[in-house]
Amino acid sequence: MKNNIITDIPSKLTLIQEKLCQLKIAGKFEIQNGDEGYSTAPSNIALIKYWGKNLNRKQIPDNSSLSYTLGGFRSFTKVTTQGRFLPETNEKTISIKNKLFLNNKDIEVPIPEKMDILIRSIFNNFADEITLKIESINNFPTACGIASSASGYAALVGAIADLLQLKKHLRTEELHIWLTEWARLGSGSATRSAIQSSEESFIKWELENNSNENFTETSEMIFHPKWKQVEHCVFVLNENEKKISSSDGHKSASTSPFHNIRVAGVTKKIARMTKALKEFDFETVQQISEEDAFAMHAVMQTGNPKACYLDEETSKAIALFIQMRDINEILAFWTLDAGPNIHILFYKDAKEILRDYHAKLQELLNREIKVFKNVYRGGLLIGKNEYYNILDKELLKSSLN
Ligand code: 2P0
């Protein structure tokens, strides 16, 4: 990192940035003070986890990962320019901080340094003088245990793409690389949320084979249509913010004696899950997802410093779930994020049993447990109309009905 700008961006992205500079020189960009960009992006839950990253190479994960898109858990982001493009000059004047406003409140909140750096890096070379005002809303309550960095960074990058009218200026593949790679440089898991997909999706985020480049590839997976009947909900066991951030957790992953073992097994797991998604082999997807969630938490708990996101209540809740699932022979499996809340993916027929599970879980833990069910499908959307079209839609339910 130099002058608060990410300098080691991958060459494929550099080429696209250079193309944008050329378009600016040719007068194709007409961005003025007050121009706006809009986007909305979903969160996602990894079934094969990203945990650990190479600290010497910019935001490159130690292993490939695979996720299910949570279309109903979304960030809605609007960006507004304050400033203008510089005329052609070598003069660098940048020093102004971008501004962040969250959840429809008029109060400016401190912009995370890595977000500010990301924005400066995107605009570097072709718009030094611009400051962005970012207004971002999460439709999911902070207390629902869904990480917002994936949807947040994807929506931010999408809104900047709208501001720069990249749908007009870039080819589809270029736009895909631009979105996913900038999202990755903001937050690893965001790369899997920066995909424009109209419906259900499973996303693969892969290390580029045999490459020394700081580049990864993100793509939608082919799956059997029966997966469209699969639903997602999250049982919230703890609403508090985690004590160790994911970014810090990633840093200590490699200190766990189990990290290399887990990483070594991921390629095979992805290949098996790819096949299982095509065939609707629910049992294999279940087995790999549950095993990898436990494997990731084992790495977390044995690193230095350790991060114990999986607590005693979560263990009890998982045990109860497995017991009820196996007795009733329903198609359902659990997974965890970097937190104690239990995500369940289930075939629609399993809903009745999950309602019983919810009641028994509350009995077991002797308190009310909130549940949020995803009722909307779809990926990243770019543009004002797209943003407003789903802003008022029902995206989540706080019950299993
Ligand atoms: C994942 N998680 O695959 C894993 C599983 C949480 C558990 O990626 O440092 O917020 O911004 O790249 O993406 C959460 O970490 O971390 C995460 P950074 P990120 O979704």
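Residues numbered from 1 in each chain as written. Predicted model: local features only at pLDDT ≥ 70, side-chain atom pairs only at ≥ 80, totals over all residues. Heavy atoms only, no water.

Enquirer: Help me understand the overall build of the chain in this model?
Expert: The helix and strand inventory of the chain stands at 11 helices and 15 strands. By principal-axis analysis of the C-alpha atoms, the chain measures approximately 70 × 45 × 40 Å. Relative to all contacts within the chain whose residues are 6 or more apart in sequence, the contacts with residues 24 or more apart total 78%. Summed over all atoms, the accessible surface of the chain reaches about 17900 Å², with 47% contributed by carbon and sulfur. For the chain, the distance from the average position of its 50 positive side-chain charges to the average position of its 50 negative side-chain charges is 1 Å. (Helix = DSSP H or I, 4+ residues; strand = E, 2+ residues; numbered from the N terminus. Contact = heavy atoms within 4.5 Å. Areas by Shrake-Rupley, 256 points an atom, 1.4 Å probe, with all protein chains shown as cover. Lys, Arg positive; Asp, Glu negative; His and termini not counted. Charge placed at Lys NZ, Arg CZ, Asp CG, Glu CD.)

Enquirer: Can you help me understand the confidence of the model for the chain in this one?
Expert: Low-pLDDT stretches of the model should not have their predicted coordinates read in fine detail. Chain-level statistics for the chain give a pLDDT mean of 91 and a share of 95% at 70 or above. A low-confidence stretch, residues 88-94 (pLDDT under 50), is modelled with 10 contacts involving residues beyond four sequence positions or located in other chains. (pLDDT = per-residue confidence, 0-100.)

Enquirer: Sorry if this is basic, but what is going on with the pairing of strand 10 (residues 230-236) here?
Expert: Regular strands place their side chains on alternate faces of the sheet. Most of strand 10 is tucked away, with seven of its seven residues classed as buried. Here strand 10 shows two buried faces, one formed by Val 230, His 232, Val 234 and Val 236 and the other by Glu 231, Cys 233 and Phe 235. Here strand 10 runs beside strand 12 (residues 342-347); their pairing, made up of six bridges, is antiparallel. Within strand 12, the position partnered with His 232 by the bridge is Leu 345. In terms of strand pairing, strand 10 meets strand 13 (residues 370-374) through four bridges, oriented antiparallel. Bridge pairing in strand 13 places Val 234 opposite Phe 372. (Buried < 20%, exposed > 50% of the residue type's maximum accessible area, 1.4 Å probe, protein only. Pairing = 2+ DSSP bridges.)

Enquirer: Help me out: how do you make sense of the site of the ligand in this one?
Expert: Around the ligand sit 18 residues, and of these Tyr 50, Lys 53, Ser 187, Ser 189 and Arg 192 come closest. Contact between the ligand and Tyr 50: an oxygen atom at 2.7 Å from a side-chain N or O atom of the residue. Between the ligand and Lys 114 there is a distance of 3.0 Å, counted from an oxygen atom to a side-chain nitrogen or oxygen. A per-element tally of the shell around the ligand places helix 6 (residues 246-252) first, with three residues. (Near = heavy atom within 4 Å. Polar contact = N/O pair within 3.5 Å; in protein donor to acceptor, adjacent residues only side chain to side chain.)

Enquirer: Looking at this model, I keep getting lost on helix 9 (residues 312-328). Mind explaining?
Expert: Two residues of an α-helix separated by three or four positions point the same way, owing to the 3.6 residues in each turn. Spanning 17 residues, helix 9 covers 25 Å between terminal C-alpha atoms, matching the ideal 24 Å at 1.5 Å per step. For helix 9, the full list of buried residues reads Thr 314, Ala 317, Ile 318, Leu 320, Phe 321, Met 324 and Arg 325. Summarising the axial view, the buried residues of helix 9 lie within an arc of 165°, below the 170-degree limit, and thus occupy one face. Opposite the buried face of helix 9, by more than 90 degrees, sit the exposed residues Glu 312 and Ile 327. The elements touched by buried residues of helix 9 are helix 8 (282-302), strand 11 (332-336), strand 12 and helix 10 (351-365). Residue Glu 329 follows helix 9 closely and has a positive phi angle near 50°. (Expected span 1.5 Å × (residues − 1). Arc of directions from axis to C-beta.)

Enquirer: Just to check I follow, could you spell out the pattern of salt bridges for this structure?
Expert: Two side chains with opposite charge may pair up if their charged atoms get near one another. Inspection of the entire model under this criterion finds 22 salt bridges. Note that Arg 120 and Asp 116 form a salt bridge whose closest N and O atoms lie 2.8 Å from each other. With Arg 120 and Asp 116 both in helix 2 (residues 113-123) and four residues apart, this pair spans about one turn of that helix. Look at Arg 120 and you get buried, because its relative accessible area is 10%. Here Arg 377 makes a salt bridge to Glu 200, at a shortest N to O gap of 2.7 Å. Remark: Glu 200 occurs in the loop between helix 5 (172-186) and strand 8 (202-207) and Arg 377 occurs in the loop between strand 13 and strand 14 (381-382); sequence separation between them is 177 residues. Ionic contacts of the salt-bridge type, sharing partners, join the residues Lys 19, Arg 171, Glu 173 and Glu 174 into one network. (Salt bridge = Lys/Arg side-chain N within 4 Å of Asp/Glu carboxyl O.)

Enquirer: When you look at the environment of Ala 41 in this model, what are you seeing that I'm missing?
Expert: In this structure, Ala 41 sits in strand 1 (residues 36-48). In this structure the C-alpha to C-alpha distance between Ala 41 and Thr 77, which are 36 residues apart in sequence, comes to 8.5 Å. Ignoring any residue separated from it by four or fewer positions in sequence, one finds Ala 41 in contact with Phe 73, Arg 74, Ser 75, Ser 151, Ala 154, Ala 155, Ser 193 and Leu 380.

Enquirer: Just to check I follow, could you spell out the nonpolar core for this structure?
Expert: Most often, soluble globular proteins have nonpolar side chains that are buried together. In terms of nonpolar packing, the biggest core is built from 48 residues, with Ile 160 and Trp 178 touching the most fellow members. Secondary structure elements with two or more residues in this core: helix 1 (11-25), helix 2, strand 7 (131-138), helix 3 (149-163) and helix 5. Ile 160 has contacts with Val 79, Ile 119, Ile 122, Phe 123, Leu 132 and Trp 178, leaving out every residue within four places of it along the chain. (Core = buried A, V, L, I, M, F, W, Y, C linked by side-chain atoms within 4.5 Å.)

Enquirer: Would you take a moment to explain the sheet that holds strand 10 for this structure?
Expert: Note: strands within a sheet are paired through backbone hydrogen bonds, in either parallel or antiparallel orientation. Here five strands make up an open sheet; going across it, the order is 11-12-10-13-15 and the pairing antiparallel. At either margin of the open sheet sits one strand with a lone partner, and together these are strand 11 and strand 15 (396-397). The sheet contacts of helix 9 involve strand 11 and strand 12, and relative to strand 11 the element is tilted by about 165°. (Axes fitted to C-alpha atoms, helices over the stretch in contact; angles between N-to-C directions.)

Enquirer: Explain the packing of helix 2 against helix 5 to me, please; I cannot follow it from the model alone.
Expert: Running from N to C, helix 2 and helix 5 point in directions that differ by 145°, and their axes come no closer than 9 Å. The hand of the helix 2/helix 5 crossing is right-handed. Contacts between helix 2 and helix 5 involve Lys 114, Leu 118, Ser 121 and Ile 122 on the former and, on the latter, Trp 178, Trp 182, Leu 185 and Gly 186. (Left-handed = near helix turned anticlockwise from the far one by under 90°.)

Enquirer: Would you mind showing me how to read the side chain of Ser 151 here?
Expert: Among the structural elements, Ser 151 can be located in helix 3. Within the local environment of Ser 151, its side chain forms a polar contact with the backbone oxygen of Ser 148, the two atoms lying 3.4 Å apart. Beyond its immediate sequence surroundings of up to four residues, Ser 151 is in contact with Ala 41, Pro 42, Ser 43, Phe 73, Arg 74, Ser 75, Asn 138, Phe 140 and Ser 193.

Enquirer: Just checking my understanding: could you explain the packing of aromatic side chains for this structure?
Expert: This model, assessed by the stated rule, comprises 18 aromatic pairs. Here the aromatic residues Tyr 68, Phe 202, Phe 223, Trp 227, Phe 280, Phe 282, Phe 333 and Tyr 347 are joined through ring pairs into a cluster of three or more. Taking the ring centre of Phe 101 as reference, the NZ or CZ of Lys 133 above it sits at 5.1 Å. (Phe/Tyr/Trp six-rings, centres within 6.5 Å; stacked < 30°, edge-to-face > 60°. Lys NZ or Arg CZ within 6 Å of the ring centre and 35° of its normal.)

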